[in-house]
Amino acid sequence: MIVVTGATGGLGGATVEHLLERMPADRIGVSVRDAAKAQHLADRGVRVRQGSYEDPVALRDSFDGAEQVLLVSGNDPAADMVGLHRNAVEAAVAAGARRILYTSQHGAVPGNPYRPSDIHIATEAVLGDSGVPWTALRNGAYGPLDQVLGPWQRTGVIARPEDGPVPYTDRDDVAEATAVVLAGDRSFDGPVTLTAPTAVTFDDLSRIASGLTGRTVERVVLDDEQWVADQITTGGVPEPMARLMLTWYQAARAGCFAEAGPLLAELLGREPRTAADRLAARTAA
C-alpha cells in the first residue's frame, strides 16, 4: 500500500494518476482534507480516507497499512508548516510506514534566501530524526512559467527583478518520476534532486520567446523595491507576500537554483520537458 497526501491538488493528484498506470488501484490510498473531492479516485478503486496535517489522529488512520507514505509539502505562509509536517511524519511512523517520501524543494540548503527553504530544511531534519528510511524529493521550480515571467505575451517584455539560472521543471514530469520512485524497486535515501536538465535565465527565456513568436521579447531588469511596489499597487498583492516572492528572485540570482541534475531524466527514461518546450506549448496555445 502506498498512501499519497494532497491527492486533490496538482502534484499529488498527478502522482496518483501516474501510480494508477503502474500498479493496481487497491494498492493505492490517498489522505485528503475532503473525501468528497476524491470520489473520482474512490470510483476507480483507490482507498480514500479523510486526513489533514492539523489532525494527527485522522492522519494516522488514513496512513494505516501503508508501506510508503508520500507527504506533499504544505504551502500556507501563515501556518506553522514545520509543525504540521512533523505531525504528518509522526503519524506515518505510528502507522508503521517503512519509508516516508517528502516533496522538498530544489536548493533546500542553509543560506538560501528563499524563505520556504527554511521549512524544507527543517522538515528534512524531522525526517532524519524519525527513525524511518526517508526520501526528500528536491523538486525543481514547476509552477506555471507565466507566474514567473509575467504577461510577456501581451506586453512583449519580461519585466522582473534580477534573476539567475533556474532549471524550470514540468510538474507532470515531477509527478511521473515520483510515481516511478514509489512503484519501483529502487530506493533513495535522503535528499535527491529532480530538475529539468538545463538551467536558464530570463535573458535566455526572452531570446527563446523571441524566436518562438517572431517578435522581440525584451528583458527588463526591475529594481527590487520598484517591483515590490508594482506588485502591491498594480497587482493587488499584499506586501508580505510580495516580499516573500522577492526572496525567490534573490535566491535565483545568488545561484541557489543553478544546479541541474540528471536523475529526473533517468527515472523518466526520456528527456524531461525543458522551459523552451513549455514556452513553445504556451505560445501555440
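The following paragraphs examine the structure supplied in this document. (Residues numbered from 1 in each chain as written. Predicted model: local features only at pLDDT ≥ 70, side-chain atom pairs only at ≥ 80, totals over all residues. Heavy atoms only, no water.)

## What to know about the sheet that holds strand β8 (residues 190–194)
Pairing between the strands of a sheet is mediated by backbone hydrogen bonds and can be parallel or antiparallel.
Link 1 in the chain: Strand order in the open sheet formed by seven strands is β3-β2-β1-β4-β5-β6-β8, with parallel pairing between adjacent strands. The open sheet has two edge strands, β3 (47–50) and β8, and neither has a second partner. Taken over all neighbouring pairs, the strand axes of this sheet differ in orientation by 20° on average, direction set aside.
Link 2 in the chain: Two strands pair when backbone bridges link them, and strand β6 (residues 134–139) and β8 are joined in this way by five bridges, in the parallel orientation. Residue pairing across strands places Ala136 opposite Pro191, the latter belonging to β8.
Link 3 in the chain: Most of the contacts of helix α4 (residues 81–94) go to strand β5 (residues 99–105), to which it runs at about 160°, and overall it touches β4 (68–71) and β5. (Pairing = 2+ DSSP bridges. Helix = DSSP H or I, 4+ residues; strand = E, 2+ residues; numbered from the N terminus. Axes fitted to C-alpha atoms, helices over the stretch in contact; angles between N-to-C directions. Contact = heavy atoms within 4.5 Å.)

## A look at the packing of aromatic side chains
The relation between two aromatic rings is expressed through the spacing of the ring centres and the mutual angle of the planes.
Link 1 in the chain: Within this structure, the stated rule accounts for six aromatic pairs.
Link 2 in the chain: Residues Trp227 and Tyr249 carry aromatic rings whose centres are separated by 5.2 Å and whose planes lie at 70° to one another, so their mutual orientation is edge-to-face. Of the two residues, Trp227 is situated in helix α10 (residues 224–233) and Tyr249 in helix α11 (residues 239–253); the sequence distance between them amounts to 22 residues.
Link 3 in the chain: When the centroid spacing of 5.7 Å and the interplanar angle of 25° are considered together, the rings of Trp248 and Phe257 count as stacked.
Link 4 in the chain: Exposure remark for Trp248: the relative accessible area of 12% places this residue in the buried category. (Phe/Tyr/Trp six-rings, centres within 6.5 Å; stacked < 30°, edge-to-face > 60°. Buried < 20%, exposed > 50% of the residue type's maximum accessible area, 1.4 Å probe, protein only.)

## Some points on the nonpolar core
Link 1 in the chain: With 29 residues, the main nonpolar core has Val16, Leu19, Val30 and Leu41 as its most contacted residues.
Link 2 in the chain: Among the nonpolar cores identified, the runner-up in size contains 25 residues, and Tyr168, Val237, Leu246 and Ala275 belong to it. (Core = buried A, V, L, I, M, F, W, Y, C linked by side-chain atoms within 4.5 Å.)

## Comments concerning helix α9 (residues 202–213)
Link 1 in the chain: With 12 residues, α9 extends 16 Å between its outermost C-alpha atoms, agreeing within 8% with the 16 Å of an ideal straight helix rising 1.5 Å per residue.
Link 2 in the chain: Of all the residues in α9, the buried ones are Phe202, Leu205, Ser206, Ala209 and Ser210. All buried residues of α9 project into a common sector of 140° when viewed along the axis, lining one side. Facing away from the buried surface of α9 by more than 90 degrees, the exposed residues are Arg207 and Gly211. (Expected span 1.5 Å × (residues − 1). Arc of directions from axis to C-beta.)

## What to know about the environment of Leu137
Link 1 in the chain: Its location among the elements puts Leu137 in strand β6.
Link 2 in the chain: Overall, Leu137 belongs to the buried group, its relative accessible area being 1%.
Link 3 in the chain: For Leu137, the residues in contact, after removing those within four places along its chain, are Leu70, Tyr102, Thr103, Ser104, Gln105, Thr178, Val192 and Leu194.

## Examining the side chain of Asp173
Link 1 in the chain: In this structure, Asp173 sits in helix α8 (residues 171–183).
Link 2 in the chain: For Asp173, a relative accessible area of 2% corresponds to the buried category.
Link 3 in the chain: A polar side-chain atom of Asp173 sits 3.0 Å from a polar atom in the side chain of Arg270.
Link 4 in the chain: In this structure Asp173 touches Leu264, Leu268, Arg270, Pro272 and Arg273, once residues within four positions along its chain are discounted. (Polar contact = N/O pair within 3.5 Å; in protein donor to acceptor, adjacent residues only side chain to side chain.)

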